[in-house]
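Overview (structure and organization)
Below, each chain spelled out in residue letters.
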Amino acid sequence: VNIHNMKDVLPEFFELNLVRGRGLLARSIMRAQLSSPVFTHIYAALVAVINTKMPENGRLILARLILQFRRALKRNEKLQSIASVSFIAHLVNQRVAHELLALEVIQILLANPTNASVEVAIEFTKQVGMLLEDVVPKGVHVVFEQFRNILQSGKKYNINKRVQYQIDELFTVRRKKFKDYPSVIPQLDLVEMDDQITHEISLDDNTLEKEEQLDIFRLDNQYKANEKIWTQIRKEILGIENDSSSDSSSGSDSSSSGYDSDDESTEEKESKKEVDGDLQVSGLQKSNTEEKGIADMTEAELVGMRRQIYLTIMSSLDFEECAHKMLKMNIPKGLEHEVVNMLIECCSQERTYVKFYGLLSQRICLVRPAYTEAFASSFDEQYKTVHRFETNHLRNVAKLFAHLLQTSTIPWTVFRCVYLNEDDTTSSSRIFIKLLCQDMAESLGMQELRRRFLQPEDDNVKESLQNMFPVDNPRNTRFAINFFTLIGLGKLTDDLREHLKNAPKLILQQQQALQKQTKGDDDDDSSSSSSGSSSSSSDSDSSSSGYDSDTDTDSRRPSRGRSRSRSTSPRRKPRKRKRSLSSSSSNTEPDNDKSRSRNGDGDKNDNERDAARSGSTGRNTKRSENENRRSKSEDMTEQRGEKEKSRASARARSRSASANKRRRSSSITSTSRDRSRRRSRSRSRNRSRSGSAALRRRRSSSSRSRLRSASMEKRRQRRRRRYSSSEESAGRARRRERERGSRSRSGSAKRQRL
């Protein structure tokens, strides 16, 4: 029920049998008001409307409220007494209860004032003050005089300053004529003054009863008859005519009934729209939404599940109870990550790490393997977003995952997302890794941690740890070594240090292997070219003899060029030698062919020619290999000579630098010695001077002290003289007074005698 749908809800109330269920109605309204006291004025308006038609229900609710207030006042229950008093106040504003009941409540609360009773009285007076000012102004005056008396003699009643301030605020509210606390809101003023029935019940009435038997179900033997009576009463209350009159009216006016049905349908649509905008949705509307299949995009179910998880975590005594409760929640598949995120958030919000969360996570993962995958994925997410969190959050989350890793609850393959180098890490990620590894080292020990990191049994774990112990780049290797040594885990970097020592040798071996591969490819190319030349020469031999004579004449010319090239070309150019050798081979072959053609042996000579050609090609390849080896040896000797020269120059430089350093150090030591001698001499001089000055000061101070003592003695003597002279003068004055007194006495005696 709320302000907007009051007119729509009331007909639904009267559809039920409120005569039989008046006890249930009273109990439900009182429970609703106790759970949400903010809507007390709405429940009071509902009771006021029901009271006009069925006053027995209104009287029952009022009687139960009075009895509830009495019990709360005896037990000194402040909250329950405030709730019952506020409901009574709004019933007084709706004229369901008499205003004298309000004055009686205030008088009982202020009879023996305490802090709680005065607070309740203040709250009640604020809510009912506007009505009482209009109806009973003298009673209000008496009430406020009592409040003034309590305020002025607060020490007598032991009233707190907070309550005294509330009394002052009540007086300011009265000066403003209770504008902030109206008796009835215009939207809830649903009953006229003439129609309302007011119950004059006193607070001291001992005849009030709760009638609790109405709350219990009892079998009604005359159920049908009573239901017929209730239907007639309901029709009278709602103003519904008999069925016969409705049938006759429908038979007479068919057209008007169709028009009326259209109006009713439009009114129903408008009422449904109004109900959609209300704060509380009726069950009929929920069923309609379910039938239509409307998806809830507000994630209300997810928020409710997170709230339930949080409450189960906070209300559990130990992790076993919490795990049992969470597994009984029947969380749907696919939402395990929400449970994991809730656990991590609760753990991160603690001031220090609580082992409860680690044990709870371990137990859940052991029971259901789906949670292990969720924790593994959450490790990746937390590491990627670690730069957004504070130090406390980092510490708690790192220790939680350290507990899961050291107990092997989650696999160690989660480290595949950790790239330990200068470019891919931030300060927050390095702190996270530091806390994680240090906690695991404390619990597992350095040997076990080293075995798990450097000697894993699973190949997947070994691959995932390659990024954490990088070997690809010496710079990254040095960074990892420095990081682990700074956090106190230098034993994990033994393999990295050995790799860094052997890195230059490995690089040289790789370079040599590459050079060998390139040289082997060049040799293969040269052999393929020589085989191609031999095949071309065999093709030329199979041609006519006239063509052979021409080739003989042509082959003699390059042979001369070959001899010249040998004499002129230097030995350090293996490429030119290769060319000359290939040309010589091609030139020697036709010479042999020419000599054999002159002998004229026919077909036998052709076979001999082929054999000679194959032998000549083998010799040529051997020669080329020998020359390549010679050129390589010469290059190696040259490189060695250059290296020796560079080493000699470096040695000479180091020697000269060491000599210069020695000279500088000797000059520095000599200058430092001279300076120390000078300083010692100056110190001795200063000491002698300071000693003589101290003697002078002592002598001068002793002479000054003597003079001061002499002057003090003179002053003392003067004071003594003055004191002695003053005493003598005082004695003289006393003597004179005595003489005068004696004279006056003798004179008076003589006079008396005369």
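Not measured: the values here are computed from a predicted model.

**Things to note about a nonpolar patch on the surface**
Residues Y310, L311 and M314 make up a contiguous nonpolar surface patch of roughly 290 Å² in combined accessible area. For L311, the position within the fold is in helix α15 (residues 300-315).

**What about the pattern of salt bridges?**
Counted under the stated rule, the structure contains 20 salt bridges. A salt bridge links E320 to R363; its shortest N-O distance comes to 3.7 Å. Here E320 is found in helix α16 (residues 319-327), whereas its partner R363 is found in helix α18 (residues 355-367), with 43 residues between them in sequence. Judged by relative accessible area, E320 falls into the partly exposed class, the value being 42%. For K384, the salt bridge identified is with D380, shortest N-O distance 3.7 Å. Linking K384 with D380, this pair stays in helix α19 (residues 370-384), spanning four residues, or about one helical turn. A relative accessible area of 56% places K384 in the exposed class. Taken together, the shared-partner salt bridges in this structure form one network comprising E448, R451, R452 and E457.

**Concerning helix α3 (residues 40-53)**
Its 14 residues place the ends of α3 21 Å apart at the C-alpha level, agreeing with the 20 Å of an ideal helix rising 1.5 Å per residue. The element α3 is extensively covered by neighbouring structure, given that twelve of its 14 residues are classed as buried. All of the buried residues along α3 are T40, I42, Y43, A44, A45, L46, V47, A48, V49, I50, N51 and T52. Of the surrounding secondary structure, the elements contacted by the buried residues of α3 are α1 (6-15), α2 (22-35), α4 (55-75) and α5 (78-93).

**Let's talk about the state of the cysteines**
The final tally for this structure, using the stated rule, is zero disulfides. For C346, which is in no disulfide, the shortest distance to another cysteine sulfur is to C347 and amounts to 8.8 Å. Using a relative accessible area of 6% as the deciding quantity, one classes C346 as buried.

**Quick look at the packing of α3 against α4**
In contact at an axis separation of 5 Å, α3 and α4 are set at 135° when each is read in the N-to-C sense. Judged by the angle between their axes, α3 and α4 are oblique. On α4, the residues that touch V47, I50, N51 and K53 of α3 are P55, N57, G58, R59 and I61. Each residue belonging to the contact of α3 with α4 can be placed in one class, and the counts come to four nonpolar, three polar and two charged.

**Let's talk about the nonpolar core**
One finds F124 and F147 to be the most contacted residues of the largest nonpolar core, which totals 72 residues. Take this core: its biggest share by element is nine residues, from α3. If we ignore the near neighbours within four places in the chain, the residues touching F147 are L110, A121, I122, T125, I167, L170 and F171.

**A look at the confidence of the model for the protein chain**
Here the protein chain averages 77 in pLDDT, and 78% of its residues register 70 or above. The low-confidence segment residues 529-604, where pLDDT is below 50, has 52 contacts with residues more than four positions distant or belonging to other chains.

Each value, and the rule that gives it
Residues numbered from 1 in each chain as written. Predicted model: local features only at pLDDT ≥ 70, side-chain atom pairs only at ≥ 80, totals over all residues. Heavy atoms only, no water. Patch = residues over 30% accessible without salt bridge, like charges linked within 9 Å, V, L, I, M, F, W, Y side chains within 5 Å. Areas by Shrake-Rupley, 256 points an atom, 1.4 Å probe, with all protein chains shown as cover. Salt bridge = Lys/Arg side-chain N within 4 Å of Asp/Glu carboxyl O. Helix = DSSP H or I, 4+ residues; strand = E, 2+ residues; numbered from the N terminus. Buried < 20%, exposed > 50% of the residue type's maximum accessible area, 1.4 Å probe, protein only. Expected span 1.5 Å × (residues − 1). Contact = heavy atoms within 4.5 Å. Disulfide = S-S within 2.5 Å. Axes fitted to C-alpha atoms, helices over the stretch in contact; angles between N-to-C directions. Parallel < 35°, antiparallel > 145°, perpendicular 65-115°, else oblique. Nonpolar A, V, L, I, M, F, W, Y, C, P; charged D, E, K, R; others polar. Core = buried A, V, L, I, M, F, W, Y, C linked by side-chain atoms within 4.5 Å. pLDDT = per-residue confidence, 0-100.

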